[in-house]
Amino acid sequence: MTEPIEPGATPPRASGAPVVSLRGVSKHFGGVRALVDVDVDIHEHEVLAVVGDNGAGKSTLAGVLAGAHRPDAGQVLVDGSPVVLDSPAAARALGIATVFQELALVDDLDVVENLFLGHEVGSGVFLDEVEMERRTWQVLDQLAASVPSVREPVRALSGGQRQVIAVARALLGSPRVVVLDEPTASLGVRQTAEVLNLITRLRGRGHAVVLVSHQAGDLQAVADRILVLRLGRVHGTYTGETSYEDLLAAMTGAVLPGSGGR
Amino acid sequence: MNADGTRGGGSTLAAVDPGQARTRVGLRAVLGQWFHGEHGVAPIVVGLAFVWVVLAVIQPDFLSAENLVNLTLQSVPVGVIALGVVLVLLVGQIDLSVGSVSGLAAAIVAVGTVTAGWPFVLAVAVALACGMAVGLVYGILSSRLGLPSFVITLAGLLFLAGLQLRVLGPLGSINLPFESWFVRSIQQGFLDPAVAWALVVLWVLAYLAMQVWGRERRRRADLACAPWSQVVLRTGALAAVLGAAVGYLSTARGVGYSVVLFVVLVIVADVALRRTRWGRSVRAVGSDRRAALLSGVAVHRTVVSSFVACSTLAALGGVLAAGRLGAANQGTGGADTYLTAIAAAVIGGTSLFGGRGSAWSALLGVLVIQSVANGLTLLDLDQATRYMVTGAVLLGAIVVDMLVRRRRQEA
Ligand SMILES: Nc1ncnc2c1ncn2[C@@H]1O[C@H](COP(=O)(O)OP(=O)(O)OP(=O)(O)O)[C@@H](O)[C@H]1O
Ligand SMILES: [Mg+2]
């Protein structure tokens, strides 16, 4: 029942061709091999979870998709054609939005300014603050987020509130692929539930979701496929029903890829 | 000095649940915003008032209309330079060479018009283009090669000071023809009181209209609206300040053309910083460069444009200084010009660490510094005292800024 799916094999629930694929992607930081020859397919209507130990390369993988890291080797394909994700703006333009693990919020800007940073709404040269604020409330309400004010610098917000803001930012403009790097790490029960609920809804609407998470609950609730990374290498892809113990074994290397679990 | 009511620290904005009315309280919100808001100008206004009271007590002549007219005219060249400094500080960089750039620009205008016989407009265009080119070089070196702007602009300071001497040639000083329209309009050009009052009315009405319009749009979008009391209060405050300034200055020579130019530049910069994509990028990059990059801001372009704007304004400041002096010499833009400009920006409330500040800090800061200089000159105190007092004021301003910021973070 915990049959790992070999990389490249057709995943069970995926429909059609992948939106984004990584082919043989490697990334080094000096001597550290953060990603080694990684192949991933990301499909619409699917939540792909990425798990692994600390330092396994999960955030680096998210960074490659986000355009924050340029791979040293390998290709990124969007709809089957090779693309260069050389900046977060380029990734965003191709419909890939990311919530970074470190959130990447600008402390001195307020919530509205952060949400629309880099893709502000405006007419001509001038910004349309009213429209931006209106949409901000819309997306925050959707996430059941409680922030005291959307016109206060985000430095004044709590860790969880900041995380919700970062998630909200990724959702603006409904991107095709949403990459979430540990989006629930510092969220309360209610906000976690809202984010997971939202991920399910995103999948329902046909988005592709890449979810990096350590939380067993997250994975059980929403993951369709689970990609296990270990020391920068892909150690198998598992179905969403795989038990956390089996995943843990794969993450730590107790199970070899392709051995079929226990 | 927010240009309208649609933004800014509504610290009492209480909205948690969707549908709940998003309202905020009136007077306290306004005051809170003035004192603690992102563009909180109140501390510096209080500081300026304090400086004026002290000077007026020691030397009543300080507050004479004639002297205040002088003060405004003196403030313009450094003020324009300080406005540029605000822009680089906001983006998280610094430009130490603004004095040299202004000196070079003054030299170019003098040599161009007097020695080479260029038309005045051409000479100014060349001077501004030089400023632009300098900023472009800084911007590229800083953002592409990642060199610290402190060092690049220090090198630029020396290099351009040398270039200024070379341009001026062996004479070292060139007088601009006293009767040229440029020198005359800088030194003796004043708004007709009727025109000045018309501008005040226009400004206040525009301000009011923008607030009412912004409020109406927010109401229609079902967002929190500033209460009418706040709109009235703000408009009244603006009208009072402008009316008092124009009314009092008009009892003497009035409002100089160059002063109008400076205020217009500050307004343009303020609108650009708060209401355009560019301004938002500047503040984002200055506050957190990496987060801005990850959010998709064109960081390189933003940094380069800030340097270009700064150097161009510095060049313009030099041109205005030459006009005010009626000459360009080796001392133009030298000595303490860049320190005064940077100090003015910081005293006015722009952070040295990027991301926080406003265009108005250039105007307010330069008024504080020039008031001190002007007052001490009236008292016949020497340069030495002037430096020491200005240094103390700068330190005081930074301490106040720190305290306010700490309170804000604790709040
Ligand atoms: N910018 C960087 N510079 C140098 N080394 C880096 C950088 N980013 C990541 N690394 C290294 O690459 C490896 C993978 O890091 P990564 O952040 O992708 O891990 P992770 O799986 O996200 O871990 P965590 O669960 O702690 O978030 C680590 O060994 C890390 O030290
Ligand atoms: Mg990580």
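Quick caveat: nothing in here was measured; it's all calculated off a predicted structure.

> Before we go on, may I ask you to explain the overall build of chain A in this structure?
A tally of helices and strands in chain A yields eight helices and 12 strands. Its C-alpha atoms give chain A a radius of gyration of 18 Å, within 12% of the compact-globule value 18 Å for 262 residues. Projected onto the principal axes, the alpha-carbon positions of chain A cover approximately 55 × 40 × 40 Å. When each of the 262 residues of chain A is scored for burial, the buried share is 58%. Counted over contacts in chain A with a minimum sequence separation of 6, partners at least 24 positions apart contribute 65%. When the accessible surface of chain A is summed, it comes to about 9900 Å², and 51% of that surface belongs to carbon and sulfur atoms.

> Can you walk me through the sheet that holds strand β6 (residues 96-99) of chain A in this structure?
Two strands in a sheet stick together by hydrogen bonds in their backbones, pointing the same way (parallel) or opposite ways (antiparallel). All names here are of chain A. Spatial ordering of the open sheet is given by β6-β9-β10-β3-β11-β12, a layout of six strands whose pairing is mixed. The outermost strands of the open sheet, each flanked by one partner alone, are β6 and β12 (233-239). In this sheet, neighbouring strand axes are inclined to one another by 20° on average, regardless of whether the strands run parallel or antiparallel. As judged from the five bridges shared by strand β11 (residues 225-230) and β12, these two strands associate in the antiparallel manner. In the sheet register, Leu229 faces β12, and the bridge partner there is Val234.

> Sorry if this is basic, but what is going on with helix α5 (residues 159-171) of chain A here?
The α-helix winds at 3.6 residues per turn, so residues separated by three or four positions along the chain end up facing the same way. All names here are of chain A. Counted at 1.5 Å a residue, the expected span for α5 with its 13 residues is 18 Å, and the 19 Å between its end C-alpha atoms agrees. Across the 13 residues that make up α5, a large majority, 11, are buried. Looking only at α5, the buried set comprises Gly160, Arg162, Gln163, Val164, Ile165, Ala166, Val167, Ala168, Arg169, Ala170 and Leu171. The first or second residue beyond α5 is Gly173, which carries a positive phi of 75°.

> Can you walk me through the site of ligand 1 in this structure?
All names here are of chain A. Around ligand 1 lies a shell of 14 residues, among which Asn54, Gly55, Lys58, Ser59 and Thr60 are the nearest. Measuring from an oxygen atom of ligand 1, one finds a backbone N or O atom of Gly55 at 2.8 Å. Thr60 has a polar side-chain atom sitting 2.5 Å from an oxygen atom of ligand 1. Expressed as a share of its isolated accessible area of 630 Å², the protein-covered part of ligand 1 is 63%. Those elements that place two or more of their residues in the shell around ligand 1 are β2 (32-42) and α1 (58-66). Among the residues making up the shell around ligand 1, the classes are represented as four nonpolar, seven polar and three charged.

> Quick question: what am I supposed to make of the state of the cysteines here?
Counted by the stated rule, this structure contains zero disulfides over all chains. The structure places no disulfide on Cys130(B), whose sulfur is separated from the nearest cysteine sulfur, that of Cys310(B), by 15 Å.

> Got a minute to help me understand the coordination of the magnesium ion (ligand 2) in this structure?
Residues and elements named next belong to chain A. Within the protein, Ser59 (OG) and Gln101 (OE1) serve as the donor atoms for the magnesium ion (ligand 2), at 1.9 to 2.1 Å. Of this pair, Ser59 sits in helix α1 while Gln101 sits in the loop between β6 and α3 (111-115), placing them 42 residues apart in sequence. With relative accessibility at 39%, the residue Gln101 sits in the partly exposed group.

> Even after reading the chapter, I still don't get the pattern of salt bridges, so can you show me in this structure?
Should the charged atoms of two oppositely charged side chains come close, the side chains can pair. Inspection of the entire model under this criterion finds 25 salt bridges over all chains. The partner of Glu113(A) in a salt bridge is Arg283(B), with the nearest N and O atoms 3.2 Å apart. Pair noted here: Glu113(A) is in helix α3 and Arg283(B) is in helix α11 (residues 277-287), and the two residues belong to different chains. Each member of the pair, Glu113(A) together with Arg283(B), is buried.

> What is the right way to read the packing of aromatic side chains from this model?
What characterises a pair of aromatic rings is the spacing of the ring centres plus the angle enclosed by the ring planes. Residue and element names in this part refer to chain B. In total, this model carries six aromatic pairs over all chains according to the counting rule given. Both rings, one in Trp203 and one in Trp360, keep their centres 6.4 Å apart while their planes meet at 20°; by these two values the pair is stacked. With a gap of 157 residues between them, Trp203 in helix α8 (residues 193-220) and Trp360 in helix α15 (residues 360-378) connect regions that are remote in the sequence. Residue Trp203 is classed as partly exposed on the basis of its relative accessible area, which comes to 25%. Among the residues examined, Trp360 registers a relative accessible area of 7% and is labelled buried. A network of ring pairs unites the aromatic residues Phe120, Trp181 and Phe182 as a single cluster.

> Is there a simple way to think about the packing of α11(B) against helix α13 (residues 299-325) of chain B in this case?
To characterise two packed helices, one gives the angle between the axes of the helices and the distance between these axes. All names here are of chain B. At a minimum axis distance of 10 Å, the contact between α11 and α13 shows a crossing angle of 100°. The pairing of α11 with α13 is recorded here as roughly perpendicular in orientation. Each of Trp278, Ser281, Val282 and Val285 in α11 lies in contact with α13, whose residues at this interface are Val299, Thr302, Val303, Ser305 and Ser306. Of the residues assigned to the contact of α11 with α13, the class counts are five nonpolar, four polar and no charged.

> Would you take a moment to explain the sheet that holds strand β4 (residues 73-78) of chain A for this structure?
Residue and element names in this part refer to chain A. The antiparallel open sheet is built from four strands, whose spatial order is β2-β1-β4-β5. In this open sheet, the two strands that pair with only one neighbour each are β2 and β5 (81-83). Strand after strand, the sheet turns through a mean of 35° between neighbouring axes, direction not considered. In this sheet, β4 lies alongside strand β1 (residues 20-29) in antiparallel orientation, the contact comprising five bridges. Following the sheet pairing, Ser26 is matched in β4 by Ala73.

> Explain the interface of chain B and chain A to me, please; I cannot follow it from the model alone.
Quoted interface sizes are often the accessible area lost when the parts come together. Between chain B and chain A, the residue contacts involve 39 residues of the former and 41 residues of the latter. Between chain B and chain A lies a buried interface of about 3300 Å² when both sides are counted; carbon and sulfur atoms form 55% of it. When the buried area of chain B at its contact with chain A is split by residue, Arg277(B), Arg280(B) and Leu294(B) rank highest and sum to 22% of it. If you look at where chain B meets chain A, you find eight salt bridges.

> Before we go on, may I ask you to explain the confidence of the model for chain B in this structure?
All names here are of chain B. Counting all residues, the mean pLDDT for chain B is 86, and 88% of those residues have values of 70 or more. Taken together, the stretch residues 1-26 has pLDDT below 50 and engages in 82 contacts with residues farther than four places along the chain or on a different chain. In this model, residues 35-39 is a region of pLDDT below 50 whose contacts with residues beyond four sequence positions or in other chains number 16 contacts.

> I would appreciate a short explanation of the pairing of β1(A) in the present structure.
In the case of a regular strand, side chains alternate between the two sheet surfaces. All names here are of chain A. Most of β1 sits inside the fold, with seven of its 10 residues counted as buried. The sheet contact formed by β1 and β2 spans seven bridges and is antiparallel. Bridging from a neighbouring strand, Leu22 pairs with Val40 of β2. The antiparallel hairpin formed by β1 and β2 contains two residues in its connecting segment, where Gly30 sits at a positive phi of about 60°.

> Even after reading the chapter, I still don't get the packing of helix α5 (residues 120-144) of chain B against helix α6 (residues 149-168) of chain B, so can you show me in this structure?
All names here are of chain B. Close contact between α5 and α6 brings their axes to 10 Å; oriented N to C, the two are set at 150°. The angle between α5 and α6 falls in the class roughly antiparallel. Remark: the crossing between α5 and α6 carries right-handed chirality. On α6, the residues that touch Val134, Tyr138, Leu141 and Ser142 of α5 are Ile152, Thr153, Gly156, Leu157 and Leu160.

> Would you take a moment to explain the side chain of Thr235(B) for this structure?
One can find Thr235(B) in helix α9 (residues 228-250). Non-local contacts of Thr235(B), meaning those with residues more than four positions away in its chain, are made with Val204(B), Tyr207(B), Leu208(B) and Gln211(B).

Criteria and cut-off values
- Residues numbered from 1 in each chain as written.
- Chains lettered and ligands numbered in written order.
- Predicted model: local features only at pLDDT ≥ 70, side-chain atom pairs only at ≥ 80, totals over all residues.
- Heavy atoms only, no water.
- Helix = DSSP H or I, 4+ residues; strand = E, 2+ residues; numbered from the N terminus.
- Rg over C-alpha atoms; globule rule 2.2 N^0.38 Å.
- Buried < 20%, exposed > 50% of the residue type's maximum accessible area, 1.4 Å probe, protein only.
- Contact = heavy atoms within 4.5 Å.
- Areas by Shrake-Rupley, 256 points an atom, 1.4 Å probe, with all protein chains shown as cover.
- Pairing = 2+ DSSP bridges.
- Axes fitted to C-alpha atoms, helices over the stretch in contact; angles between N-to-C directions.
- Expected span 1.5 Å × (residues − 1).
- Near = heavy atom within 4 Å.
- Polar contact = N/O pair within 3.5 Å; in protein donor to acceptor, adjacent residues only side chain to side chain.
- Nonpolar A, V, L, I, M, F, W, Y, C, P; charged D, E, K, R; others polar.
- Disulfide = S-S within 2.5 Å.
- Donors = N, O, S within 2.8 Å, 3.2 Å for Na, K, Ca; no water.
- Salt bridge = Lys/Arg side-chain N within 4 Å of Asp/Glu carboxyl O.
- Phe/Tyr/Trp six-rings, centres within 6.5 Å; stacked < 30°, edge-to-face > 60°.
- Parallel < 35°, antiparallel > 145°, perpendicular 65-115°, else oblique.
- Buried area = accessible area lost by both parts, 1.4 Å probe.
- pLDDT = per-residue confidence, 0-100.
- Left-handed = near helix turned anticlockwise from the far one by under 90°.

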